[in-house]
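As a plain string of letters, each chain reads:
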Amino acid sequence: MASRCPYAELHSPDFHADPHKVNRRMTEEHGPVFPVEISPGVRAWVVADYAMITAWCRDTRTFVRDSRLWLDWREGRVPDDAPVAAMMAHRPNLLFADGDEHARLKRSITDSLGRVPESRVGDITRLHADTLIDAFCARGSAELVSEYARLLPLLVMSDLFGFSPDIGRRVLTSLSDLWDGVDAARANGEYERALSDAISAKHAEPGEDITSWLLEHRAGLTDDELLHQLVVTIGAGAEPTANLITGTTRTILVDAEVGQAVRGARVGIGEAIDQVLWREPPINNYPVLYPVTDVRVGADTVVRAGEPVLLGYSAAHAGLSGSGPDIEQGNRAHLAFGVGPHRCPAQGFAYAIAQVGVETLTRRFPDLRTTEDEAQWRPSPFARALARLPVAFTPDTPKGTTPPWQQTSPSSTPTTSTARQPDSAGEAPSSRLRSLVAWLFGR
């Protein structure tokens, strides 16, 4: 790839500390498409213009999602173990598919998700939210990323996809290891094995759940195709939703304008969520487009065929509206869920889970407050995600909510959450997560 310096280093601490500053500088110097390095030695472009993102995502003749076109990968300049390979290497699912194949795969997901009543999503989310909060409410403090936000979407999806307690536990723990970077190859293998076992179980005993509906769908998915749809739907759905929960909660706690509007009932949690999707979208600089021919932008920039183009949602939002529309406008014209044929088919689930998750927290803890002045962000070129969100609140009595999976197995259900010792706040996040998984699933 020809030299195009300077690059914005999306893997650097400076970018994670203030991506908005980096985006402004790069657009001022290079225009709406600027060069980046997404990990050391791995280069790409970011498109940072709202109208251009919209147009390019809809121009399916010029831009495709099939990463097998990735020029540097094909020509051997990106090693197989590059940190970004897992997010960009081709997989046979709807995220990397185009044309009729993408339409077939997406239709199966959209139709199956559409069979779930929105009220059911809210009810299940509320039940799991209360159960998770019960585990720490008596302490008066918690770390919301590891103890709440990362767990909640996965627990909800495990119910909706009809996973057994054992499979739900395996999915939860393997994804936690992937998040924490604990033996990622082994964790990824276990994640896929757990989902493969879920498919086998639904062949033997289908039910009223999304996995069974996908198996029955007229798209005629093979087991391998279904496996890869589950991998992307659950993995890509859970993490951004978790980030949306923590991002919205922190915004309410530290942004005076948003916090006062919510507490004064001038707006609801939904409007606060939209404000976060404008200002700090959980998925940022992703997914990736690949032009099938050279594309000229302005007088000086040429994106060559096969060079990856990241969708810079946050930069595009800032260029369009500064820090986002006024909180009371309730504007959902953001790009956070994508645009065009690849627009996220599960955005309704994400909204519902995030809204109920934040509402339950703020309802149970009216005096919720963060105990860190500065946000700590996870280092990712593709996402905007808090690494931790420690909070304090007046201790509360557990509600004694029983998770759905334990309602048929009372012997495995603790009567209260008081068995969790007050000093557990000092445990490592992954240790707390595993303890909670064992508590929930009776491991």
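Conventions and cut-offs
Residues numbered from 1 in each chain as written. Predicted model: local features only at pLDDT ≥ 70, side-chain atom pairs only at ≥ 80, totals over all residues. Heavy atoms only, no water. Axes fitted to C-alpha atoms, helices over the stretch in contact; angles between N-to-C directions. Helix = DSSP H or I, 4+ residues; strand = E, 2+ residues; numbered from the N terminus. Parallel < 35°, antiparallel > 145°, perpendicular 65-115°, else oblique. Contact = heavy atoms within 4.5 Å. Nonpolar A, V, L, I, M, F, W, Y, C, P; charged D, E, K, R; others polar. Left-handed = near helix turned anticlockwise from the far one by under 90°. Pairing = 2+ DSSP bridges. Expected span 1.5 Å × (residues − 1). Buried < 20%, exposed > 50% of the residue type's maximum accessible area, 1.4 Å probe, protein only. Core = buried A, V, L, I, M, F, W, Y, C linked by side-chain atoms within 4.5 Å. Phe/Tyr/Trp six-rings, centres within 6.5 Å; stacked < 30°, edge-to-face > 60°. Lys NZ or Arg CZ within 6 Å of the ring centre and 35° of its normal. Arc of directions from axis to C-beta.

## A closer look at the packing of helix α13 (residues 223-254) against helix α14 (residues 256-263)
Where α13 contacts α14, the two axes come as close as 5 Å, and the packing angle between them is 95°. As summarised for this structure, α13 and α14 are arranged roughly perpendicular, according to the angle between their axes. Only Ala256, Val258, Gly259, Val262 and Arg263 of α14 make contact with α13, whose side of the interface consists of Thr251, Ile252 and Val254. Here the contact of α13 with α14 is built from residues that sort into five nonpolar, two polar and one charged.

## Quick look at the packing of helix α9 (residues 151-160) against helix α17 (residues 347-364)
Between α9 and α17, the shortest axis-to-axis distance is 11 Å and the interhelical angle comes to 125°. By the angle between their axes, α9 is oblique relative to α17. When the axes of α9 and α17 are compared, the crossing they make is right-handed. Where α9 approaches α17, its residues Leu152, Pro153, Val156 and Leu160 are matched on the opposing element by Phe349, Ile353 and Gly357. Classifying every residue of the contact of α9 with α17 by side-chain character gives six nonpolar, one polar and no charged.

## Concerning the sheet that holds strand β13 (residues 390-392)
Here we have three strands laid out as an open sheet, ordered β5-β13-β10, and antiparallel in their pairing. The sheet is open, and its two borders are formed by β5 (141-143) and β10 (369-370), each paired with just one other strand. The pairing of β10 with β13 spans two bridges and is classified as antiparallel. Bridging across to β13, Arg369 finds its partner in Ala392.

## A look at α17
The end-to-end C-alpha distance of α17 is 26 Å, a good match for the 26 Å that 18 residues give at a rise of 1.5 Å each. Counting buried positions along α17 yields 13 of 18 residues, so the element is predominantly enclosed.

## Here we look at the nonpolar core
If you look at the biggest cluster of nonpolar residues, it comprises 78 residues, and the most contacted ones within it are Tyr148, Phe161, Val171, Leu195, Ile210 and Ile234. No other element matches the eleven residues that α13 contributes to this core. Not counting the four nearest positions on each side in its chain, Ile210 is found in contact with Ser112, Leu113, Val116, Leu160, Phe161 and Phe349. Counting residues in hydrophobic clusters, the runner-up holds 26 residues, among them Met26, Val36, Val78 and Ala85.

## Considerations on the packing of aromatic side chains
The geometry of an aromatic ring pair is captured by the separation of the ring centres together with the interplanar angle, meaning the angle of the planes. All told, the structure shown has nine aromatic pairs when counted by the stated rule. Measuring from ring centre to ring centre gives 6.2 Å for Phe136 and Phe393, while their planes differ by 55°; the resulting arrangement is tilted. With a gap of 257 residues between them, Phe136 in the loop between α7 (118-134) and β5 and Phe393 in the loop between β13 and α18 (429-441) connect regions that are remote in the sequence. Note on Phe393: relative accessible area 3%, which makes it buried. An aromatic cluster of at least three residues, connected via ring pairs, comprises Phe136, Tyr148, Phe365 and Phe393. Note that Arg332 overlies the ring of Tyr351, its terminal NZ or CZ placed 3.8 Å from the centroid.

## Observations regarding helix α2 (residues 19-30)
A rise of 1.5 Å per residue sets the reference length of α2, with its twelve residues, at 16 Å; its end C-alpha atoms lie 16 Å apart and thus fit the reference within 8%. Of all the positions in α2, only Pro19, Val22, Asn23 and Met26 are classed as buried. The buried residues of α2 all sit within an arc of 100° when viewed along its axis, so they share a single face. Summarising the geometry of α2, the exposed residues directed more than 90 degrees from the buried face are Lys21 and Glu28. The positive-phi residue at the C-terminal boundary of α2 is Gly31, with phi of around 95°.

## Section: the pairing of strand β3 (residues 42-47)
A large share of β3 lies buried, amounting to five of its six residues. In this sheet, β3 lies alongside strand β2 (residues 33-39) in antiparallel orientation, the contact comprising six bridges. Within the sheet, the bridge partner assigned to Glu37 lies in β3 and is Arg43. Where β2 folds back on β3, the antiparallel hairpin that results is connected by two residues, among which Gly41 adopts a positive phi of roughly 85°. For β3 and strand β9 (residues 309-311), the ladder comprises three bridges, and the chain directions are parallel.

## A few points about the side chain of Ser108
Residue placement: Ser108 occurs in helix α6 (residues 99-114). The class of Ser108 is buried, set by a relative accessible area of 0%. Those residues in contact with Ser108 that sit more than four places away from it in its chain are Leu214, His217, Ala219 and Leu221.

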